[in-house]
Amino acid sequence: MPAVRWVGSRVVGAVVVLWAVATLIFFAIRLVPGDPAEAILGGPGSQASQASLDLVRREYGLDRPLLVQYLDQLGRLATGHLGESYSLKQPVAAVLAAQVPPTLTLAALSLVAAWLLAIGVAWWSSGSGRVANAVASGLEVVASAVPHFLLGSVLIVVLSTSLGLLPPVSTGTASGIVLPVITLAIPVAGFLGQVTRDSLLDAAAAPFALTARARGESRSGVFWRHLLRHAALPGLALSGWAFGSLLSGAIVVESLFARPGLGRTLLDAVTLRDIPLVTGVALVSALAYVLVVALGDLAERLVDPRGGRA
Amino acid sequence: MRTPLPAVVGTAAAAALVLAGCTATGGDATGTATPVSGGTLTYATGDAEPTCLDPHVGGNYPQALVSTQYLEELVSKNSDGDVIPWLATAWKQSDDGLSWTFTLKKGVSFTDGTAFDAAAVVANVEHVKDPKTLSSTGYLALAKVDKATAVDAQTVRFDLSSPDSSLLDSLSQPWLAIESPTALKRSQAVNCESPVGTGPFEVQKWVKQESITLVRNSDYTSPPKDAAHTGAAYLSKIVWRFLPDSASRYAALQSGEVDVIDNAQPDSLVAAAKSSQLRAIDAPRPGASDRLELNSSQAPFDDENVRRAFITGVAVNPGIKSLFFGTAKRSYSLLSSVEKDSYSDPSLFAIDTANAKKLLGQAGWTGRDSDGYRTKDGKRLTVRFPVSTNQSIPAERSLFEQIQQEAKGLGFDVEIQQLDLSSWYGALAAHKYEIVSAPYTKVGPGVLDILYNSSSITPAPSGYFANNAQVDSKQVDSLLAEASAEPSETKRHDLYDQVQKIVLEGYYVLPLYDQQNHYLYRTAVHGLRAMPTVSTPSLYDAWLQK
Amino acid sequence: MTMIAALPRVRFAPRVPALVASVLLLAVLVAAVWPEVIAPVDPLAIHPADAFQAPSTAHPFGTDDSGRDLLARVVHGARASLLIGVAATAIGVALGLVLGIAAAVGSRITDIAVSRLLEVLFALPGLLLSLVIIAFAGPGPIPATVAVGLATAPGYARIFRSRIRAVASSEMVEAARVLGRRPSVLLVRHVLPNALAPVVVLATLGVGQAIVWASSLSYLGLGSPPPAPEWGAMLEAGRTYLAVAPWMTVFPGLAIVATAAATTVLGRALTARGRS
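Residues numbered from 1 in each chain as written. Chains lettered and ligands numbered in written order. Predicted model: local features only at pLDDT ≥ 70, side-chain atom pairs only at ≥ 80, totals over all residues. Heavy atoms only, no water.

**Points about the domain arrangement of chain B**
Residues and elements named next belong to chain B.
Link 1 in the chain: Looking at the assigned domains, one finds that chain B contains domain 1 (6-46 + 200-283 + 517-546), domain 2 (68-190) and domain 3 (290-513).
Link 2 in the chain: Here the C-alpha centroids of domain 1 and domain 2 sit 26 Å apart.
Link 3 in the chain: Counting residues at the interface gives 23 residues for domain 1, matched by 21 residues for domain 2.
Link 4 in the chain: Taken together, both faces of the contact between domain 1 and domain 2 bury some 1800 Å²; the carbon and sulfur share is 61%.
Link 5 in the chain: Here domain 1 is connected to domain 2 by zero salt bridges.
Link 6 in the chain: Inspection of the region where domain 1 meets domain 2 yields eight residue pairs in polar contact (both at pLDDT 80 or more).
Link 7 in the chain: For the side of domain 1 that touches domain 2, the leading source of residues is strand E8 (residues 201-207), giving three residues.
Link 8 in the chain: Among the residues making up the side of domain 1 that touches domain 2, the classes are represented as 14 nonpolar, six polar and three charged. (Domains from an automatic or database assignment. Contact = heavy atoms within 4.5 Å. Buried area = accessible area lost by both parts, 1.4 Å probe. Salt bridge = Lys/Arg side-chain N within 4 Å of Asp/Glu carboxyl O. Polar contact = N/O pair within 3.5 Å; in protein donor to acceptor, adjacent residues only side chain to side chain. Helix = DSSP H or I, 4+ residues; strand = E, 2+ residues; numbered from the N terminus. Nonpolar A, V, L, I, M, F, W, Y, C, P; charged D, E, K, R; others polar.)

See below:
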């Protein structure tokens, strides 16, 4: 039963990854200068009394040996308890439940937008000769070289402040998400485009494509039915990478456009040494990564015209 | 705003300040228009998102900003800086200064229906003093209060361990606002989400990292004496948004996405001044001025000559002028210009680089290394300057770079270290600094007792200490103690003058400007004002033109 | 972030772009080594009275908020930015090599262990890793470089592993094995040289991306400390004044984008040549 084995190994792998991530985060944050008790007491620089500090250290078990705290944390995680955020004083699960959807929406829309942009440019340039190809290729290279925060700032000034086309900050309305999505999608589209174009050129010269054209199929017919299937493969293999890159980019984009989400939560949580929250965010993004890789793997199996991986 | 100038000029300066106070109320240009009830105002804050909406817990400025809309204090201040009644209508101090009796406003209820009475005040004092509340700012402000007792339903008595002339100032701060005792009995997590007060608005919903929704309290009866109207607020709803990026925040104001922003940056202020759509309020925060403090406890700034060389050798005026586009006025005082007791002496800060170099020579920093920095016994004249990226605005960070470059001309190697807030406090606690800029907001001159009393060198259990210049002077300590016990305002004023004089003349501190606090708002917004206490915005009188 | 999981394949090597890219990178290199030749002005000298000057003959790129000459700062910034890019890539490639070789030629257990480790590193968003490292070591060019290097290592490791495997099972190596060569000799003489040929290409592609990534750390306030001219830090400083003084953003921004794009073009051209 290869399918069962495939699923089994994925699950075991995921558990190992999650354990390692939790361990890494715990020790990394505890070894960083800064007192988690202060996060609980209203942030760094609190003028908390000794009584408050003692109380917090006792209540949160911060006065116990580090190893005991680690095992305790692991035990809680194993039973599905993410604990309570030090700084927000809310269950981490509740914080995540609120922050995951906006980031997921942003990342998913950006991934779709990136694919659309990449395929669109590939389609436009595939039949338009060398000049178009060079222009498209140039655009892709430049797109992949632009830092998110620069792109976002320029888009705000041009599209929002000067032209007044789109709201400069996320407003919760549909139009509010457009700028963040574009900002996040363009660099990724640049990468996907480069990879897709290369395989597209390979595929276009392959015998099956020539045969199809000889049979009288239209250019677009060949593009959509044959070429893209081949060309998308390396791109799909990159989806796991792309997703991770989107999550990193989300930290920047969410701060810039004042969008709620995992990225900003993470930034604040690291600054405040809020271990349960950092762990929660890291676990969620690790889980998302594992899932996306598995789905990408699955998609690759389905799209690959050879019916399976070599 | 007092300077050692003839009395007449002093009065003129005070009058100018009062005028400044007037411009600090919005909507004056259309003062004749009739307020309209209803509508939703969107406020965008650049301050950090609070982790708890109850300002008793912890106690920082972001909490004060938003809680001004739904919580109220026992007393407030008017734009002249005088204490005025709010939830307390009258108060009396005993002759020994050890007990204060407050008479409370009648017929006030919290938005959960609980009556506001003496028992409620007692419950709040106990809440702040309870270690489990994890209060910092409020706890410190009540340090000298032993306990509060309900004498009758409308009378409450505070018993003090020693006289505290700053008590009223302290009680006017949002960190000691009065909350519903019924609500305080809930778990802290719940109370942090939805604190209950007597204010003109109440917290309806808090979506983390996005916004807090506040709705009008239609039964509101307790505006402070200096409010422009009585009864319920005009606005039916406030959306309080978190927009940390200053450029995005200003863009949102320009596009009409939001109606009011705080923490407006100098370049935005200049741009806004040219726009017919936008207006500004300049409301410096009270307490200390924004200043550099030189750590006098260790080399090289343990030598007064070296401190003096730095302070009189580094020109900051040109930088302040160009970086702040004229929106920030140079300060020569330890205290904010809104403080009546602020003592200012520009003559101490006249730039004289030749003399500064001579002073460094006298202090023994005569060598030069290959990079051009001064040395003494083979050791470079290095001073560490940790800067918190979370606390300093871009213009200020650029000013620090200019200071670094200017000081290089004298032979100082200023090491700017950009740190996140946790690491920054860590560096201070470990005394790994020679220069630091640590803003401190508090109502009244009592802030001097926190910042320059030698007892403030001893760190709090969390490692925090407020006396960053590490001024350790018996004379300052005894003057501060005297001021704290002094019932006469005039005599107190003299004592605080002496303290400020000693600190300024000891070259411990390089004042830069007031703690900048600028609001920008769209012209459709009327009646917006900054509270004369801690300069937080009050939306009680605000209304939106349709 | 490096897109190195799949090597781009190019059918024809466009000569002109590669030439332009080479010239550009050469200019950056010259700026990095002899900045004072191109821009003799002191990049740190402040003139508050001349702040926010638009580009002019006196200041071709304009001045910044402290009246410093932007041309001088961009030119002098090449060294810091290039150093971050090269050093981060070196760290990433070196670590990737060690892990990749260990996984490819080690025992089955080693392979599994390394593969899992890579998966863990992949699963942590790169910026989270950077944040933790920088919280630990304090912000600055060195922690930022290490952070970017570490975050790119798993990508390199994965490629090296699969390439070594592919080469090891190739006909050429099979033939050598049949001829009775010892495994260690096989590895050093035949497998590694063939498998690692693309290191140069990968590294070229990586440098530009490392520069872009390091600039994101500057946005979060975690990059080079002031007043050192460094492109990412200059970009972040300029962003505040995008509406008032766009040149403060445009020139360092162009420098970053052009350098990163040039390394990509050059890397791809090298790939194409390697194939033909």
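On we go.
**What to know about the pairing of strand E13 (residues 290-294) of chain B**
All names here are of chain B.
Link 1 in the chain: The element E13 is extensively covered by neighbouring structure, given that five of its five residues are classed as buried.
Link 2 in the chain: Direction of pairing for E13 relative to strand E20 (residues 509-513): antiparallel, over a ladder of four bridges. Bridged to Asp290 within E20 is Tyr513.
Link 3 in the chain: Sheet topology places E13 next to strand E19 (residues 435-436); two bridges connect them, and they run antiparallel. (Buried < 20%, exposed > 50% of the residue type's maximum accessible area, 1.4 Å probe, protein only. Pairing = 2+ DSSP bridges.)

**A short note on helix H13 (residues 394-410) of chain B**
Note: α-helices contain 3.6 residues per turn, so residues at a spacing of three or four share the same orientation.
Link 1 in the chain: With 17 residues, H13 of chain B should cover 24 Å at 1.5 Å per step; its first-to-last C-alpha distance of 25 Å lies within 8% of that length.
Link 2 in the chain: Of all 17 residues in H13 of chain B, 14 are buried, a share of seventy percent or more. (Expected span 1.5 Å × (residues − 1).)

**Section: helix H1 (residues 15-33) of chain C**
Residues and elements named next belong to chain C.
Link 1 in the chain: The end-to-end C-alpha distance of H1 is 27 Å, a good match for the 27 Å that 19 residues give at a rise of 1.5 Å each.
Link 2 in the chain: The set of residues buried in H1 consists of Ala18, Ala21, Leu25, Val28, Ala31 and Ala32. For H1, the arc enclosing every buried residue in end-on projection is 145°, short of the 170-degree limit, so these residues lie on one face. Exposed and oriented more than 90 degrees from the buried face of H1 are Arg15, Val16, Leu19, Val23 and Leu26. (Arc of directions from axis to C-beta.)

**Let's talk about the interface of chain A and chain C**
Link 1 in the chain: Opposite the 51 residues of chain A that make contact, chain C presents 44 residues.
Link 2 in the chain: It is Phe149, Asp198 and Tyr289 of chain A that lose the most area in chain A upon contact with chain C, and together they represent 14% of the buried surface on that side.
Link 3 in the chain: Where chain A meets chain C, there are zero salt bridges.
Link 4 in the chain: Between the two partners, chain A and chain C, sit three residue pairs in polar contact (both at pLDDT 80 or more).
Link 5 in the chain: Of all the elements in the fold, those that place two or more residues in the side of chain A that touches chain C are helix H1 (2-31), helix H6 (129-143), helix H7 (148-162), helix H8 (178-205), helix H11 (239-256), helix H12 (262-272) and helix H13 (275-303) of chain A.
Link 6 in the chain: Per-element accounting of the side of chain A that touches chain C gives the leading share, eleven residues, to H1 of chain A.

**Brief notes about the packing of H1 of chain C against helix H3 (residues 70-105) of chain C**
Residue and element names in this part refer to chain C.
Link 1 in the chain: The interhelical angle for the contact between H1 and H3, taken along N-to-C directions, is 95°, at an axis separation of 7 Å. Taken together, the axes of H1 and H3 are roughly perpendicular relative to one another. Here Val28, Leu29, Ala31, Ala32 and Val33 of H1 come into contact with H3, specifically with Val75, Ala78, Arg79 and Leu82.
Link 2 in the chain: Along the lines of polarity and charge, the residues of the contact of H1 with H3 split into eight nonpolar, no polar and one charged. (Axes fitted to C-alpha atoms, helices over the stretch in contact; angles between N-to-C directions. Parallel < 35°, antiparallel > 145°, perpendicular 65-115°, else oblique.)

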